[in-house]
Amino acid sequence: NLTNIIFTNPETVIEDFAFTNCSTIRSVTFVEGMTIKNHAFNFAKGLEEVINLDKIKNLGQYSFANSGLTYVVLGDDTNIEEGAFYGSSLINVTLGKNSVVGFGAFQKCEKLVTVNMPEEGNVQINQSAFANDTLLKNIDLSKTTDTLGNEAFYGCLSLQTANLTNVKYIGD
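A short tour of the structure in this document, coming up. As the structure is a prediction and not an experimental result, all values here were calculated from the model.

Thresholds, definitions, all that
- Per chain, residue numbering runs from 1 following the sequence as it is written.
- The predicted nature of this model means local features are confined to residues of pLDDT at least 70 and side-chain atom pairs, given and counted, to a pLDDT of 80 or more, with totals for whole chains, interfaces and linings taken over all residues.
- Hydrogens and waters are ignored; side-chain quantities use all the structure's heavy atoms.
- Strand pairing is assigned whenever DSSP detects at least two bridges linking the two strands.
- Helix and strand assignments come from DSSP, with helices taken as H or I runs of at least 4 residues and strands as E runs of at least 2, each series counted from the N terminus.
- Here, a salt bridge means any Lys or Arg side-chain nitrogen found within 4 Å of an Asp or Glu carboxyl oxygen.
- Accessibility here uses a 1.4 Å probe with only protein chains present; expressed as a share of the type maximum, an area under 20% marks a residue as buried, one over 50% as exposed, and anything in between as partly exposed.
- Polar contacts, as used here, are pairs of N or O atoms within 3.5 Å; protein pairs need one atom able to donate a hydrogen and one able to accept it. Residues neighboring in sequence count only if both atoms are side-chain atoms.
- Residues count as neighbours in contact if any of their non-hydrogen atoms are within 4.5 Å of one another.
- In this description, a line fitted to the C-alpha atoms serves as the axis of each element, helices being fitted only across the stretch in contact, and the angle between N-to-C directions of two axes falls anywhere from 0 to 180 degrees.
- The definition of a nonpolar core used throughout is a set of buried Ala, Val, Leu, Ile, Met, Phe, Trp, Tyr and Cys residues joined through side-chain atoms within 4.5 Å.
- Side-chain rings of Phe, Tyr and Trp (the six-membered ring for Trp) are treated as a pair once their centres are within 6.5 Å; stacked means planes under 30 degrees apart, edge-to-face means over 60, and tilted covers the remaining angles.

**Details of the sheet that holds strand β9 (residues 92-94)**
Strand order in the open sheet formed by four strands is β7-β9-β11-β13, with parallel pairing between adjacent strands. Taken across any chain shown, the strands that pair with only one partner, and hence form the sheet edges, are β7 (71-73) and β13 (138-139). With three bridges connecting them, β9 and strand β11 (residues 114-116) associate as parallel partners. Across the sheet, residue Thr94 finds its bridge partner in β11, namely Asn116.

Below is the structure:
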């Protein structure tokens, strides 16, 4: 019946699968310096809010995949590993400057409409990062690095415009 988790120790490491399938968790509060490893909150379907996620610099593989989160704000210099938010309920995402969006990090987020890019840009978008996000409409690709990974936007049927000012290479 765990519903709220508040972490206060910056040295806390949330190990692989620590809260996987914990459907009763509604809110998690993080502090800067923590580590979130692989599948930590995978299938936390009841998770609605993460506080201070922008203070975490590395999100492990599938760390919030298939979760109930509808929005996230990520900080500068964040490494968003493979499938970190795969299949989650996200509608809105805000990325920080110098971030790396890993393989399939936001893949199959079928409710995702908007990705807010940082004014300073330099966001690296890797293979399948937003693949099959069928409702994705808004993302300013002029804020990316000069390369878009293979199939980065495969199946994004609602994407209507793409400002590719800085892009020199687009993968398959």
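**Some points on the pattern of salt bridges**
Summed over all chains, the structure comprises two salt bridges. Residue Lys37 pairs with Glu15 through a salt bridge whose shortest N-O separation is 3.6 Å. Placement of Lys37 in the loop between β4 (35-36) and β5 (49-51) and of Glu15 in the loop between β2 (13-14) and β3 (27-29) is noted, with a sequence separation of 22 residues between them. When its relative accessible area of 42% is taken as the criterion, Glu15 is described as partly exposed. Among the ionic pairs, Glu119 bridges to Lys143, the shortest N-O distance being 3.2 Å. In this pair, Glu119 is assigned in the loop between β11 and β12 (123-125) and Lys143 in the loop between β13 and β14 (144-148), connecting sequence segments 24 residues apart. Looking at Glu119, the relative accessible area reads 64%, which means it is exposed. Among the residues examined, Lys143 registers a relative accessible area of 15% and is labelled buried.

**Structural notes on the side chain of Thr144**
Tracing the sequence through the fold places Thr144 in strand β14. Overall, the relative accessible area of 4% leaves Thr144 in the buried class. Of note is the side chain of Thr144, whose polar atom sits 2.8 Å from the backbone oxygen of Leu141. Beyond its immediate stretch of four places on either side in the chain, Thr144 contacts Met117, Val123, Ile125, Asn166 and Val167.

**Here's the deal with the side chain of Thr78**
Mapped onto the secondary structure, Thr78 falls in the loop between β7 and β8 (79-80). The residues contacting Thr78, other than those within four sequence positions of it, are Ile56, Lys57, Asn98, Ser99 and Val100.

**Considering the sheet that holds β5**
Sheet strands pair via backbone hydrogen bonds, and the direction of the pair is either parallel or antiparallel. Ordered by their spatial adjacency, three strands build an open sheet running β1-β3-β5, and the pairing between neighbours is parallel. Each edge of the open sheet is held by one strand with a lone partner, namely β1 (4-6) and β5. If you compare each strand with its neighbour and ignore which way they point, the axes differ by 5° on average. Relative to β5, β3 is paired through three bridges, and the arrangement is parallel. For Thr29, the partnering residue across the bridge sits in β5 and is Ile51.

**Notes on the nonpolar core**
Ranked by internal contacts, the top residues of the largest apolar core, which has 46 residues, are Phe30, Phe41, Phe85, Phe106 and Phe130. Here Phe106 is in contact with Leu74, Ile80, Phe85, Leu90, Val93, Leu95, Val101, Ala129, Phe130 and Asp133, once residues within four sequence places are set aside.

**Things to note about the packing of aromatic side chains**
Under the criterion given, the structure shown has 10 aromatic pairs. With a centroid separation of 6.1 Å and an interplanar angle of 80°, the aromatic rings of Phe30 and Phe41 are classed as edge-to-face. Note that Phe30 is positioned in the loop between β3 and β4 and Phe41 in the loop between β4 and β5, a separation of 11 residues in sequence. Phe41 carries the same exposure label as Phe30, and that label is buried. Every member of this aromatic cluster is reached through a ring pair, and the members are Phe7, Phe19, Phe30, Phe41, Phe64, Phe85, Phe106, Phe130 and Phe153.

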